[in-house]
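Reading the structure
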Amino acid sequence: GAGVSQSPSNKVTEKGKDVELRCDPISGHTALYWYRQSLGQGLEFLIYFQGNSAPDKSGLPSDRFSAERTGGSVSTLTIQRTQQEDSAVYLCASSLAHGTGVQETQYFGPGTRLLVL
Amino acid sequence: AQKVTQAQTEISVVEKEDVTLDCVYETRDTTYYLFWYKQPPSGELVFLIRRNSFDEQNEISGRYSWNFQKSTSSFNFTITASQVVDSAVYFCALGGGPYSSASKIIFGSGTRLSIRP
């Protein structure tokens, strides 16, 4: 079975441009997550989807960041008017649906390396 | 609040040595889950283990072993007879429980392990 896939693997953009990052979760995984990892740093939670809804958007750093998920599958993270501090690796993960108080294992994709010039 | 501390920022050992990566966590949940992930130079996060707080048995998988001690809130990871391919950043993580968001896994800052030939 295929793992989590992300595209593009690398993206170079100019400051002020918009970018879209795509995540295709493991088939059957209803939960999907986006994280950001700056160079040499840990993982910063951005947003969580259960199905097509996002019950937790608490990690989105500004209103320039948005994400959507359609058909309970593919998700797109959009960054508008990119800034140099947005440069990072954006990681997507998916998991089975959570039971109450149960934390399912999150499986990660290879990430998208974003560089804003 | 939940927190994961990996006090060892970097460790370097010679191949075939045993090495232990420390992980200390904080949570007020009585039910929670602990994880270890490996991030090799390629960048993809690889799931290693998930442990429920009710299961205090230590686990061994080949050269890898995990020591879970609730009394000291620690979940340490030992690699026996280390190999160069073990070189990576290792993340400990915590999630689940009624006081935490089911969506979030809280990651430690990671330990960079270098195995010298």
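The structure reproduced in this document is the subject of the present report. Owing to the predicted nature of the structure, the values given are computational and were not obtained by experimental measurement. Residue indices begin from 1 for each chain and proceed along its sequence in written order. Chain letters start at A and ligand numbers start at 1, both assigned in the order the entries are written. Given that this is a predicted model, residues contribute local features only at a pLDDT of at least 70 and side-chain atom pairs are listed and counted only at 80 or more, while totals for whole chains, interfaces and linings are drawn from all residues. Computation of side-chain values covers all heavy atoms of the structure but excludes hydrogens and water.

Concerning the layout of surface pockets
Inclusion rule: Buriedness of a pocket was judged along seven lines, with at least five required to meet protein on both sides within 12 Å; pockets are open sets of points on a 1 Å grid over the protein atoms alone, cavities are sets where a 1.4 Å probe fits but cannot get out, and lining residues have an atom within 4 Å of a point. Grid points are joined across faces, edges and corners, and a volume is the space filled by probe spheres set on the points. A helix here means a DSSP run of H or I that spans at least four residues, while a strand means a run of E at least two residues long, and both kinds are numbered starting from the N terminus.
In this structure, the largest pocket occupies an estimated 570 Å³ of space. What lines the largest pocket is a set of 26 residues, and nearest its centre among them are Gln37(A), Gly40(A), Gln39(B), Val89(B) and Arg112(B). Of all the secondary structure elements, the ones that give two or more residues to the lining of the largest pocket are β9 (88-95) of chain A together with β10 (88-95) and β12 (111-116) of chain B. The element best represented in the lining of the largest pocket is β12(B), accounting for 4 residues.

Examining unusual backbone geometry
Residue and element names in this part refer to chain A. Test applied: Burial classification: accessible surface area is computed with a 1.4 Å probe over protein chains only, and a residue below 20% of its type maximum counts as buried, one above 50% as exposed, and the rest as partly exposed.
The omega angle of the peptide bond from Ser7 to Pro8 is -10°, so this bond is cis rather than trans. Tracing the backbone shows Pro8 in the loop between β1 (5-7) and β2 (10-13). Positioned with a positive phi, Arg81 is a non-glycine residue whose angle comes to about 45°. In this fold, Arg81 is placed in the loop between β8 (75-79) and β9. Residue classification places Arg81 among the partly exposed positions, given a relative accessible area of 42%.

Focus on the nonpolar core
Residue and element names in this part refer to chain B. For clarity, the threshold we go by: Throughout this description, the term nonpolar core refers to a set of buried Ala, Val, Leu, Ile, Met, Phe, Trp, Tyr and Cys residues connected via side-chain atoms within 4.5 Å. The contact definition used throughout considers only heavy atoms, calling two residues in contact when any of these lie within 4.5 Å.
With 23 residues, the main nonpolar core has Trp36, Phe77 and Tyr90 as its most contacted residues. Broken down by element, this core gets its largest block of residues, 4 residues, from β10. In contact with Tyr90, other than residues within four places in its own chain, are Gln6, Leu21, Trp36, Tyr37, Lys38, Leu48, Tyr64, Phe77, Ile79, Gly110, Thr111 and Leu113. Listed in part, the 19 residues of the second largest apolar core include Tyr33, Tyr37, Val89 and Ala93.

Quick word on the packing of aromatic side chains
The description of an aromatic ring pair rests on the distance of the ring centres and on the angle between the ring planes. Note the cut-off: Aromatic pairs are defined between Phe, Tyr and Trp rings, using the six-membered ring for Trp, whenever the two ring centres lie within 6.5 Å; interplanar angles under 30 degrees are classed as stacked, those over 60 as edge-to-face, and all others as tilted.
Scanning all chains against the criterion turns up 19 aromatic pairs over all chains. Arranged with centres 5.3 Å apart and planes meeting at 20°, the rings of Tyr33(A) and Tyr48(A) form a pair that is stacked. Here Tyr33(A), found in strand β4 (residues 31-37), pairs with Tyr48(A), found in strand β5 (residues 44-50); they are 15 residues apart in sequence, far enough to count as distant. The buried category is assigned to Tyr48(A), whose relative accessible area is 8%. On the basis of an interplanar angle of 25° and a centroid distance of 6.3 Å, the ring pair of Phe35(B) and Tyr37(B) is categorised as stacked. The pair Phe35(B) / Tyr37(B) is uniform in exposure class, with both members buried. Chaining the aromatic ring pairs together yields one cluster made of Tyr35(A), Phe45(A), Tyr107(A), Phe108(A), Phe35(B), Tyr37(B), Phe47(B), Phe91(B) and Phe107(B).

Here's the deal with the sheet that holds strand β3 (residues 19-24) of chain A
All names here are of chain A. Spelled out, the test is: Paired strands are those between which DSSP finds at least two bridges. To define axes, lines are fitted to C-alpha atoms, for helices over the stretch in contact only, and angles between the resulting N-to-C directions are given on a 0 to 180 degree scale.
Pairing is antiparallel across the open sheet formed by 4 strands, whose spatial order is β1-β3-β8-β7. Each edge of the sheet is formed by a strand with only one pairing partner; in this case those strands are β1 and β7 (65-69). On average, each strand axis in the sheet is inclined to that of its neighbour by 15°, with strand direction left out of account. Sheet analysis places β3 next to β8, joined by 5 bridges and oriented antiparallel. Each bridged residue has a counterpart across the sheet, and for Arg22 the counterpart in β8 is Thr76.

Regarding the state of the cysteines
In plain terms, the rule: Here, a disulfide means two cysteine sulfur atoms that sit within 2.5 Å of each other.
One pass over the full model with this rule turns up 2 disulfides over all chains. A disulfide bridge connects Cys23(A) with Cys92(A), and the sulfur atoms are separated by 1.8 Å. Here the disulfide of Cys23(A) and Cys92(A) is left-handed, its torsion about the S-S bond being about -65°. Residue Cys23(A) is located in strand β3, and its partner Cys92(A) is located in strand β9; the two are separated by 69 residues in the primary sequence. The exposure classification of Cys23(A) matches that of Cys92(A), with both residues buried. Residue pairing for Cys23(B): its cysteine sulfur links by disulfide to Cys92(B), the two sulfurs lying 1.9 Å apart. Linking Cys23(B) and Cys92(B), the disulfide has an S-S dihedral of approximately -65° and is accordingly described as left-handed. Of the two residues, Cys23(B) is situated in the loop between β3 (19-21) and β4 (24-26) and Cys92(B) in strand β10; the sequence distance between them amounts to 69 residues. On the accessibility criterion, Cys23(B) (0% relative accessible area) is buried. Taking relative accessible area as the criterion, Cys92(B) reaches 0% and is therefore assigned buried.

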